[in-house]
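# Remarks on the overall topology
Each chain, written out:
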Amino acid sequence: MSDARLSVFKTYKLYVGGKFPRSESGRVYEVTDAKGKWLANAPQSSRKDARDAVVAARKAFGAWSGATAYNRGQVLYRVAEMLEGRRDQFTREVADAEGLSKSKAAAVVDATVDRWVWYAGWTDKIAQVVGGANPVAGPYFNLSSPEPTGVVAVLAPQESSFLGLVSVLAPVIATGNTAVVIASEKAPLPALSLGEVLATSDVPGGVVNVLSGRTAEIAAPLAAHQDVNAIDLAGADEVLAKELEIAAADNLKRVLRPQPVDYFAAPGTDRLTAFLETKTVWHPTGSLGASGSSY
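Residues numbered from 1 in each chain as written. Predicted model: local features only at pLDDT ≥ 70, side-chain atom pairs only at ≥ 80, totals over all residues. Heavy atoms only, no water.

Across the interface, helix H3 (residues 87–98) lies against helix H7 (residues 189–199) with an axial gap of 9 Å and an inter-helix angle of 160°. It follows that H3 is roughly antiparallel to H7 by the angle criterion. Here H3 and H7 pass one another in a crossing that is left-handed. Contacts from Gln89, Phe90, Glu93, Val94 and Ala97 of H3 reach H7 at Leu189, Pro190, Ser193, Leu194, Glu196 and Val197. A breakdown of the residues in the contact of H3 with H7 according to their chemical character gives seven nonpolar, two polar and two charged. (Axes fitted to C-alpha atoms, helices over the stretch in contact; angles between N-to-C directions. Helix = DSSP H or I, 4+ residues; strand = E, 2+ residues; numbered from the N terminus. Parallel < 35°, antiparallel > 145°, perpendicular 65-115°, else oblique. Left-handed = near helix turned anticlockwise from the far one by under 90°. Contact = heavy atoms within 4.5 Å. Nonpolar A, V, L, I, M, F, W, Y, C, P; charged D, E, K, R; others polar.)

Let's shift gears to the layout of surface pockets. Of the voids in this model, the largest pocket is the one considered here, and its volume is about 390 Å³. Only strand S2 (38–43) and H3 provide two or more residues apiece to the lining of the largest pocket. It is H3 that contributes the most residues to the lining of the largest pocket, four residues altogether. Partitioned by chemical class, the residues of the lining of the largest pocket number seven nonpolar, one polar and five charged. Of the volumes computed, that of the second largest pocket is approximately 230 Å³. Elements represented by at least two residues in the lining of the second largest pocket include exactly helix H4 (102–122) and helix H10 (270–274). Its residues assigned to classes, the lining of the second largest pocket comprises eight nonpolar, two polar and four charged. (1 Å grid on protein atoms, 1.4 Å probe; cavity = no way out; pocket = protein on both sides within 12 Å on 5 of 7 lines; lining within 4 Å. Points joined across faces, edges and corners; volume = space filled by probe spheres on them.)

Strand pairing in a sheet relies on backbone hydrogen bonds. The paired strands run either parallel or antiparallel. Spatial strand order, S7-S6-S5-S8-S9: five strands in an open sheet with parallel pairing. The sheet terminates laterally at strand S7 (208–211) and strand S9 (254–256), the two strands that pair on one side only. Strand after strand, the sheet turns through a mean of 15° between neighbouring axes, direction not considered. Where strand S8 (residues 230–232) lies against S9, three bridges are found, and the strand directions are parallel. Residue pairing in the sheet places Ile231 in a bridge with Val255 of S9. The strands touched by helix H1 (residues 47–66) within the sheet are strand S5 (151–155), strand S6 (178–182) and S7, with S6 carrying the most contacts at an inclination of about 155°. (Pairing = 2+ DSSP bridges.)

This is the structure in structure tokens:
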């Protein structure tokens, strides 16, 4: 009896609405490692896939934004637990995607899990940083509190296939938004595997939707989509970013322009606040008794 086994090749699929569809177009494209060796066929998303992902993200927005910040933190921490359990798989995928040694890829994966935990811890704290009571002249309470913007299209960084991806995705959903993510065009496999992790964690279907394919082709309909509220252009080059920014102006989307980022550095709160709106509420204090004192 021969000990030889047939190789079991992994079939990568999109992650949309909590399910794993192939591209509706039926197209795939070859993904290779840093040396040009074939790794897999990834789905090549179409405009229809992009529209389907927006529908899923909008459907999930109400429940996700309405959940308590503490609950969102628990859900995100569960994702970190799942990532930790699949550390070896992601190490292999990052090593192939970015041409890194196993030890360097493992360091990237560790930093990525830590980054996810970091953002999970911010879910119920960011409101204290950017919200609060405002001093006003008159007998009023004046309170400002942050609220999520809505559906956010995220162009994942092209070179940092996993750490960069999580660094731009996690703050979007930590603050109550839902996301349509375009994975790195040349290295989409870690992002597609992240979809599998999200599906087996507590993140509701539709909160994160992962598309792979030609970045420019998928990003164009998302930038022009009337039900997308914001777009992060981290993975766009200068020419594409300009085109998408013009398209995004049609319904006054929030736009986060691409900029050089060291994803290993401490991220700060900039990306947490990038896709938050501020709601301010005025309320009369009223008077107490004849003295005219107020509360």
